[in-house]
Amino acid sequence: MFEAGLLANRRILITGGGSGLGAAMAARFAELGASLVLCGRRAEVLQETAEQLRSHGSQVDTIVCDVRDPQAVEAMLDEIWRVAPLDVLVNNAAATFIAQTERLSARAADAILAPTLHGAMYCTLGAGRRWIDGEHAGVVLSILSTSTITGRAFTVPSAMAKSAVLAMTKSLAVEWGPKQIRLVAIAPGAFPTAGATAQLRPDGRSADPADRVPLGRVGRHDELANLASFLISDQAGYITGEMVVQDGGTHLRGSGAEDLLRWSDQQWSAHRAGRAKS
Ligand SMILES: CCCCCCCCC/C=C/C(=O)SCCNC(=O)CCNC(=O)[C@H](O)C(C)(C)COP(=O)(O)OP(=O)(O)OC[C@H]1O[C@@H](n2cnc3c(N)ncnc32)[C@H](O)[C@@H]1OP(=O)(O)O
Ligand SMILES: NC(=O)C1=CN([C@@H]2O[C@H](COP(=O)(O)OP(=O)(O)OC[C@H]3O[C@@H](n4cnc5c(N)ncnc54)[C@H](OP(=O)(O)O)[C@@H]3O)[C@@H](O)[C@H]2O)C=CC1
């Protein structure tokens, strides 16, 4: 679909790049010639993904970093810049779970807001400051959600965090446009991953997420990785401040949480208790 060297000489940081959609983007960016830095909290997950990519000849570094910690983010960016500036930041790390919102503790709300909103903001501000100081062009791609359009019952902190990162994307597209920094976003629909399925699809929900998708199937990871490759490449050099929805038309029917309106308090309590045991 793309010319072979589309991302040659691009240095790209993918937060949460060791698993799921982050790892899928890493594989595609590497195929297109990019050199990668993957970060996340689990060293072994990062290492396994990096080794697979290196076995195909790609240049991949890993850094253990909890993006909730601003000092850790600064240390990671210093380590990266000591070698060479980034060209692209992908804000992909995030967390979510389903819960009745009125029963969320402050700690539970912060467990979602901290990586999803604060983490993306710390990474973006840190990369942006370095790009501006070095008069270096840059691209920030954030992986968001259609909850930015529809809202989403039972995952309210995630919907809030993703909406806030969309606001950052639009705002900084203007503020940093004159500095040759583009900000773009993708709102994926259902692209099953181990992480998303564990958090969002416990027993008792529709077994097949494709049931709700007008196009009749869930997304393929390579489809998301290809869209991401286009958006971060020079081919999309005149696109900034935009979020592209990739969900097979699903959000036009609803947010996807409507089935949970039928859950009883007993079902919610069982779900919570089941999580405490696991
Ligand atoms: C395929 C279809 C796509 C369909 C399309 C839908 C698109 C959705 C868009 C978004 C998708 C995604 O983000 S998918 C990405 C999913 N991946 C992840 O979430 C990976 C990261 N996750 C994590 O790190 C963990 O799962 C998470 C719990 C969020 C954070 O872990 P921490 O160690 O920081 O937190 P903990 O100490 O365990 O818990 C912190 C507090 O949260 C509470 N808590 C934790 N889980 C809870 C729960 N289920 N219900 C209530 N409360 C909960 C705890 O009781 C604690 O509160 P107290 O009891 O008060 O102390
Ligand atoms: N899959 C889907 O259907 C959809 C996904 N999305 C979005 O796509 C992105 C990827 O999700 P997906 O691949 O499905 O799920 P994963 O759970 O695989 O991805 C989350 C990644 O983020 C990392 N991460 C989580 N918390 C932190 C933290 N505090 N610091 C650093 N890294 C962290 C995790 O690694 P570790 O635990 O090692 O830190 C993991 O690699 C997310 O932004 C998600 O919201 C949006 C809509 C739908």
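As a reminder, the structure under discussion sits directly above these lines.
This text gives an overview of the structure that appears in the document. Owing to the predicted nature of the structure, the values given are computational and were not obtained by experimental measurement.

Each value, and the rule that gives it
- Here the residue index of a chain counts from 1 through its sequence in written order.
- By the order in which they are written, chains take letters starting at A while ligands take numbers starting at 1.
- This being a predicted model, a pLDDT of at least 70 is required before a residue's local features are given, and a value of 80 or more before pairs of side-chain atoms are given or counted; all residues contribute to the totals for chains, interfaces and linings.
- Here a strand pair is declared whenever DSSP counts at least two bridges between the two strands.
- Secondary structure elements follow DSSP: runs of H or I of four or more residues count as helices, runs of E of two or more count as strands, with numbering from the N terminus.
- When the strands point away from the viewer, a crossover counts as right-handed if the route from the first strand across the helix to the second turns clockwise.
- When buried Ala, Val, Leu, Ile, Met, Phe, Trp, Tyr and Cys residues are joined through C-beta atoms within 7 Å, the set is termed a nonpolar core.
- Whether a residue is buried, exposed or partly exposed follows from its count of other C-beta atoms within 10 Å of its own C-beta, namely 20 or more, 12 or fewer, or something in between, respectively; the C-beta atoms are built from the backbone.
- We call two residues in contact when the distance between their C-beta atoms, placed using the backbone, is within 7 Å.
- By definition, a residue lies near a molecule or strand when the C-beta atom built from its backbone is within 6 Å of it.
- When residue character is reported, Ala, Val, Leu, Ile, Met, Phe, Trp, Tyr, Cys and Pro are called nonpolar, Asp, Glu, Lys and Arg charged, and the others, Gly included, polar.
- Here an axis means a line fitted to C-alpha atoms, over the contact stretch when the element is a helix, while the angle between two N-to-C directions is reported on a 0 to 180 degree scale.
- Orientation categories follow fixed angle ranges, with anything under 35 degrees roughly parallel, anything over 145 roughly antiparallel, 65 to 115 roughly perpendicular, and all other angles oblique.
- A clockwise turn of the near helix away from the far one marks a right-handed crossing, whereas an anticlockwise turn of less than a right angle marks a left-handed crossing.
- What a helix should span is 1.5 Å times the count of its residues minus one.
- The reported arc concerns the directions from the helix axis to the C-beta atoms and nothing else.

Some points on the pairing of strand β3 (residues 60-64)
Pairing analysis gives five bridges linking strand β2 (residues 35-40) to β3, with the strands arranged parallel. If you follow G40 over to β3, its bridge partner there is V64. Once you follow β2 into helix α2 (residues 43-54) and on to β3, the crossover reads as right-handed.

Some remarks on the nonpolar core
Counting 65 residues, the largest nonpolar core has A26, L36 and L141 as its most contacted members. Considering each element in turn, this core owes the most residues, eight residues, to helix α1 (residues 20-31). Apart from the residues lying within four places of it in its own chain, the contact partners of A26 are I14, G17, L36, L38, T49 and L53.

Comments concerning the site of ligand 2
The local shell around ligand 2 holds 29 residues, among which G16, G20, R41, A94 and G195 are the closest. Taken together, the elements giving at least two residues each to the shell around ligand 2 come down to α1, α4 (106-133) and α7 (194-200). When the residues that make up the shell around ligand 2 are grouped by side-chain class, the tally is 13 nonpolar, twelve polar and four charged.

Focus on the packing of α4 against helix α6 (residues 156-175)
The packing of two helices is summarised by the inter-axis angle and the distance between the axes. Close contact between α4 and α6 brings their axes to 8 Å; oriented N to C, the two are set at 15°. Relative to α6, α4 is oriented roughly parallel. Judged by the sense of rotation from one axis to the other, the crossing of α4 with α6 is right-handed. For the pair α4 and α6, contact is made by A109, I112, L113, T116, L117, A120, M121 and T124 and by P157, S158, M160, A161, K162, A164, V165 and M168, respectively. Grouping the constituent residues of the contact of α4 with α6 by class yields twelve nonpolar, three polar and one charged.

Considerations on the environment of V73
Along the polypeptide, V73 turns up in helix α3 (residues 70-83). Considering only alpha carbons, one finds V73 and Y122, 49 residues apart in sequence, at a separation of 6.8 Å. If we ignore the near neighbours within four places in the chain, the residues touching V73 are C65, V67, Y122, C123 and G126.

Some points on α2
Its twelve residues place the ends of α2 16 Å apart at the C-alpha level, agreeing with the 16 Å of an ideal helix rising 1.5 Å per residue. Buried residues of α2: L46, T49, A50 and L53, and no others. For α2, the angular spread of buried residues about the axis comes to 100°, placing them on one side. More than 90 degrees from the buried face of α2, the exposed residues found are E44 and E51. Contact partners of the buried residues in α2: α1, β2 and β3.

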